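As a plain string of letters, each chain reads:
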Amino acid sequence: MIPWIGQPLPRFEDPPLLTGEGRFVADLTGDASFLRFVRSPVAHGRIVSIEAPEGITAFTAEDLREVRPIRPLLHRPDFRPIEQPVLASGKVRFVGEPVAVVVAGTPEEAEDAAEQVFVDIEPADRVVSAPEAIRPGAPAVHDHLEDNMVVDARFETERVDEVFSGAAVVVDFDLRSRRQNALPLEARGSVAAYDSRSGRTTLTASVQSPHVVRTVLADLLGMPESDLRVVVPDVGGAFGQKFCLAPEDVVTAWVARRLRTTVSWVEDRRENLMSSFHSRDHHYRVRGAFDADARLLAVDADLLCNIGAYSCYPVTCGVEPLMALAEFPGPYDFRTYRVRSRGVTTNTCPMAPYRGVSRPVITLAMERLMDLAAVRFRIEPSEVRRRNLISEFPYTSATGLVYDEGSYVESLDRAVEAVGLEDFRRSQAAARAQGRYLGIGLSVFSERTGYGTSAFAARSMDVTPGYETVDLAMDPSGNVEARLGASPHGQGLETTLAQLIGDRLGVEPARVRIVHGDTDRTPYGWGTFASRSLVIAGGAARLASDRLRAKLAAIASAELEAAPEDIVIMAGRATVAGTDAGIEVAELARLAYHSSHRLAAGMDPGLTATATYDPAGTFSNACHVATVEVDPETGGVRVDRFVVVEDAGRLINPMIVDGQLHGGVTQGIAGALYEEILYDREGNILTTSLMDFLPPTLAEVPIIEVHHLETISEATITGAKGLGEGGTIGAPAAVINAVADALLPLGVEIAEVPATPSRLRRLVSESERNPA
Amino acid sequence: MAPGYYTPALMKPAPFDYHQARSVAEAVTHLGEYGYEAKVLAGGQSLVPAMNFRLARPAVLVDINPLDELDYLEEDGDTLRIGAMVRHVAFERPVTEGPTGRLLTMAAHHVGHLPIRIRGTFGGSLAHADPAAEWCVIALLLDAELSTRSPSGGRDIPAGGFFQTVFTTALEPEELLVEVRLPKLASHTRVGFQQFSRRAGDFALAMAAVAFESDDGRVANARIALGGVSDRPLRAGEAEQALEGQPATDESFRAAAEIAALEIDAIGDIHGSAGYRRDLVRALTRRALEQAIAA
């Protein structure tokens, strides 16, 4: 199995998880007391009083005065900061906002006690939707922002109006993406333990970025980071929802310190749906100008994002509108672009990045643009794309993003072939003759991944993430430990990094232990999000491995009396190239520690190496194809086939890659057809159980067929690109384009996702009443 | 105590008292004592989640799971007698020959997911009276008769008078549903069952159950029952009448489905408006009738 890179090794993470040996926050509460948050039942209002009956331990914002509010910052003129107190102070701004916290011996007693806390709130007028929030005279969610505008960013190249007025065809449409919840299987939670001996506090939390949590806790609680330790045990899914700071985690740490004890907070599903972060509540208006050959000349887009009641730390609520602005052009070659992208605050649950962030919606918009153009030009949707996809690299987009080598056209061609487009068109025509509506939809997209400090700095973030550091050590037995600041939680990084390191150091991956998720044990890092860990932590692991390998080679060359460059390290042995002379790697390791007097002069004993990697970023690309059947009488959609042609550069572990795609596509199908957080006009959330918020089950998801291309670019030192979000980014557009294709004979235009049965049925019946 | 197990006082629901009944008489005594404060725990597949969300807050639970005397399925001449504690899963294979057993099987496959079918009970479903529950629609279609026991004796209630509105039936607080009697359909009856739900196993947004005879190519004894579209299961009486004596053709079915869609008092929720529910009734009624004639 050498090299290990490219092998579909079973994941080292799986045996404990599959045999009930997983250890999640709720398994680690020990003898902790339990917290339960009292949450606001109204969307907007002034807190008149909060009363807890005698005998109940409860804390409110009054008690937490010394805790600073969460204040996520971007340093740019088109961003206006808003603050969030960790417990509502003076005012409540969304249903589910934590108002008070109670402490009890068990979760059940805490829940009973929380019900007895009486919160008197004087309701105020509220705003729920983004269009409502920007209307003149709308109630202000934050007093200092009368227009509710938090982000108002613009970008414009020259000659936009001129290009539109000279265009052969202008396609314009509206698109509304409803709100989703990332819905990790394990909801949020933490255990905070105060240690009276050391004065330190340990927060064991279900999060994606332990060091960032340590920093912000220290900032908000006013204490040095050295007095805090953040530990991340097994995490049952996160998808971005656990990347941004949970105010509840801050309160949990504060209560532990205040009571000098151990306390735990474990969220239930209702709280998760109501009060954890939401995402993707966007309203777009899009125009595209085409020449007579269906070449896209220009795009003009107005993007409006509902960011909820507060901004998320550390990325801020600018993350969705600003990513949408910068990455809207996707994989298409056009030079003329105008965009206004706004983020507005409303009396709803705050938003945070969710797998794909803005890209599932902007990809849907660009891919609808391509399909609508295909209809206007009466050509195959694949052909419009072929004429417009970027094909020369590096390519610099209208907004200045540099795309490294990819396979945009090839992925499209391969997908069209894999799905059998011509055969499908024949069966589609035959089905239509029988009154059945089949459709096919394409989605070609780029996925910006593995971007480091320079890319985040371009957003002017107060907290600028990007690099990762790996500390590597081979112990005297020849086993390897790699400690990282990345914080995998289901991505299989313990396996893939072991493969990368194992190849460089000539040891089996099973002898490489990956240590993560503990700020006392790992170098400062940014955690796992934005499809970055394999690229960046993997790059750092590769660099550190190279350094350690060089030292092993140096020691071996002295022992074997050969030049260091002639030493080959592989399969547990260091040998002199072209000879039988060799020595076990484990023997070298023992020597480095236990016979250091034999090391060359100036060489330190031991085998450790540290490296940091901070790349500019790389673009993966893919083409998704869905085929569907729509029942026009019920509005029901069945996804029959789903084909993915993915190019994520060099595959370290193809099985893990396929798993990422299966999960991602499923979440994309969810966004296209099923999942939707709903509020009523008063700002009450209507979808607080899994009877109302509907993730698809295996019965609703077809077999996902995955094909790979491997374009190796120079953008990363391992040749690997990220792909954690691609499935979710591409799938909604493929599914919605397929549904639109199926209903094309009925003249139906889909302007809202998810395309639920009742929405589709309404479109069909409107077209029955008013035939085009 | 092993981790993960809670004492009855420590649970996700709001606090409540719990009584395990050892006989129907004992259960009824408890119900008589606690009245509105009590809820009967049968399969618990609706009640327990509602309690965990603290939407249902009974002060007292009367658990009738130990009552084997209510777990029976008996054929009694032209009647199928179903004890209240028979689990949904029992109907996955035909429990009686002919169209009645077939129809029950068709409906059973749509009841929730397997774990729900293993725990949930026929009687519990009727007493809970979710308007989208398959068994409520079937009971109405087949003109079931429901027997109760109470401290003062008991009574028989026809299905037509049993379902009042969402989660509300003719049952008095001290009354326990003990048996449901289904008059069996004539052996040559044709049956159909169609439903539409967002996902496999979800409560239906609408469902249609039909039964009719068509020995000479004309429809006789037409019955159409609908679920999930209103505050209770409904019979589409006008559509049934319109079908009576008509040729069993697509055209008649289409016309009857149209009448059914218009005659009902549909209600909307977050998954679909009243108008959408009517559209579903139109499609599902027609498809159920076509399914029945094709079988």
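Residues numbered from 1 in each chain as written. Chains lettered and ligands numbered in written order. Predicted model: local features only at pLDDT ≥ 70, side-chain atom pairs only at ≥ 80, totals over all residues. Heavy atoms only, no water.

## Overview of the nonpolar core
Residue and element names in this part refer to chain A. In terms of nonpolar packing, the biggest core is built from 158 residues, with Tyr284, Phe328 and Phe642 touching the most fellow members. In terms of residues, this core owes the most to one element, helix H9 (residues 359–377), which gives eleven residues. Split by domain, the residues of this core number at least three in each of domain 1 (358–451 + 617–769) and domain 2 (454–613). Residue contacts for Tyr284: discarding those within four places in its chain leaves Phe173, Asp174, Leu175, Asp302, Leu303, Leu304, Ala324, Phe328, Ser358, Val361, Ile362 and Ala365. (Core = buried A, V, L, I, M, F, W, Y, C linked by side-chain atoms within 4.5 Å. Buried < 20%, exposed > 50% of the residue type's maximum accessible area, 1.4 Å probe, protein only. Helix = DSSP H or I, 4+ residues; strand = E, 2+ residues; numbered from the N terminus. Domains from an automatic or database assignment. Contact = heavy atoms within 4.5 Å.)

## Side note on the domain arrangement of chain A
Residue and element names in this part refer to chain A. With domains assigned, chain A is organised as domain 1 (358–451 + 617–769) and domain 2 (454–613). Each of domain 1 and domain 2 has a C-alpha centre, and these two points are 39 Å apart. Summed over both sides, the interface of domain 1 with domain 2 buries roughly 1600 Å², with 64% coming from carbon and sulfur. The three residues of domain 1 that bury the most area against domain 2 are Tyr451, Ile652 and Ile717, which together make up 44% of that side's buried surface. Linking domain 1 with domain 2 are zero salt bridges, by the criterion used here. Taken together, the connections running from domain 1 to domain 2 amount to seven residue pairs in polar contact (both at pLDDT 80 or more). Among the secondary structure elements, those contributing two or more residues to the side of domain 1 that touches domain 2 are strand S20 (437–449) and helix H17 (654–674). With three residues, S20 is the single largest residue contributor to the side of domain 1 that touches domain 2. (Buried area = accessible area lost by both parts, 1.4 Å probe. Salt bridge = Lys/Arg side-chain N within 4 Å of Asp/Glu carboxyl O. Polar contact = N/O pair within 3.5 Å; in protein donor to acceptor, adjacent residues only side chain to side chain.)

## Regarding the interface of chain A and chain B
Listed per partner, the contact involves 34 residues of chain A and 25 residues of chain B. Summed over both partners, the interface of chain A with chain B buries about 2400 Å², with 54% contributed by carbon and sulfur atoms. There are ten salt bridges connecting chain A and chain B. Among the salt bridges present, the one from Glu633 of chain A reaches Arg287 of chain B, with a minimum N-O distance of 2.7 Å. Taken together, chain A and chain B are joined by 16 residue pairs in polar contact (both at pLDDT 80 or more). Looking at the side of chain A that touches chain B, the elements with two or more residues in it are helix H2 (107–115), H17 and helix H19 (757–769) of chain A. Looking at the side of chain A that touches chain B, the element that brings in the most residues is H2 of chain A, giving five residues. Classifying every residue of the side of chain A that touches chain B by side-chain character gives eleven nonpolar, ten polar and 13 charged. (Nonpolar A, V, L, I, M, F, W, Y, C, P; charged D, E, K, R; others polar.)

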